[in-house]
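# Inside the fold
Chain residues, written in single-letter form:
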Amino acid sequence: MKALNYLVAFVGGAAIGAACGMLFAPERGSDLREKIAEALRKRGIRLNRQELTELVDEIAEEIQTSKDEA
C-alpha cells in the first residue's frame, strides 16, 4: 500500500509540475488553453470551454496558494 501512495504522489507531482510549466510559459492564454484541452483529449477527457477555464483557474489558484505558503 505504501508503494501505491508513492506512485500516486509521484504522478500527482508530475501533473502539477507540468501544469505549472504550462501556466508560466510565455504564451497567450487561448493558446495555452488549447494545448491543455488537446492533452486532455488525448487521454480521453473531454471538457467544454467553461469546464476547461474552471480547471485552469483552479490550477492557477493552487499554484498561487503554494507560492504564498513557501
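Going by the structure above, here's the rest.
In this text the structure is predicted, and so the values were computed from the model without any measurement. (Residues numbered from 1 in each chain as written. Predicted model: local features only at pLDDT ≥ 70, side-chain atom pairs only at ≥ 80, totals over all residues. Heavy atoms only, no water.)

### What about the overall build of the chain?
When you go through the chain residue by residue, the secondary structure sums to three helices and zero strands. From first element to last, N terminus to C terminus, the chain shows the α and β order α-α-α. Expressed as lengths along the three principal axes of its C-alpha atoms, the size of the chain is roughly 40 × 35 × 20 Å. With 70 residues in all, the chain has 11% of them scored as buried. When the accessible surface of the chain is summed, it comes to about 5,700 Å², and 59% of that surface belongs to carbon and sulfur atoms. Side-chain charges in the chain split into 10 positive and 12 negative, and the spacing between the mean points of these groups amounts to 8 Å. (Helix = DSSP H or I, 4+ residues; strand = E, 2+ residues; numbered from the N terminus. Buried < 20%, exposed > 50% of the residue type's maximum accessible area, 1.4 Å probe, protein only. Areas by Shrake-Rupley, 256 points an atom, 1.4 Å probe, with all protein chains shown as cover. Lys, Arg positive; Asp, Glu negative; His and termini not counted. Charge placed at Lys NZ, Arg CZ, Asp CG, Glu CD.)

### Digging into the packing of helix α1 (residues 2-23) against helix α3 (residues 49-69)
Contact geometry for α1 and α3: axes closest at 10 Å, N-to-C directions at 100°. Of the possible angle classes, the one that applies to α1 and α3 is roughly perpendicular. Contacts from Ala19, Cys20 and Leu23 in α1 reach Val56, Ile59, Ala60 and Ile63 in α3. Its residues placed into classes, the contact of α1 with α3 shows seven nonpolar, no polar and no charged. (Axes fitted to C-alpha atoms, helices over the stretch in contact; angles between N-to-C directions. Parallel < 35°, antiparallel > 145°, perpendicular 65-115°, else oblique. Contact = heavy atoms within 4.5 Å. Nonpolar A, V, L, I, M, F, W, Y, C, P; charged D, E, K, R; others polar.)

### What to know about a nonpolar patch on the surface
A contiguous nonpolar patch, built from Leu4, Leu7, Val8, Phe10 and Val11 and spanning about 520 Å² of accessible area, is present on the exposed surface. Locating Val8 in the fold gives a position in helix α1. (Patch = residues over 30% accessible without salt bridge, like charges linked within 9 Å, V, L, I, M, F, W, Y side chains within 5 Å. Salt bridge = Lys/Arg side-chain N within 4 Å of Asp/Glu carboxyl O.)

### Here's the deal with a negative patch on the surface
A surface patch of negative charge is lined by Glu51, Glu54, Asp57, Glu58, Glu61, Glu62, Asp68 and Glu69. Tracing the backbone through its elements, the reader meets Glu62 in helix α3.

### Here we look at the environment of Arg43
Of note, Arg43 is situated in the loop between α2 (29-42) and α3. The exposure class assigned to Arg43 is exposed, which follows from its relative accessible area of 62%. One polar contact links the side chain of Arg43 to the main-chain carbonyl oxygen of Ala39, over a distance of 2.8 Å. (Polar contact = N/O pair within 3.5 Å; in protein donor to acceptor, adjacent residues only side chain to side chain.)

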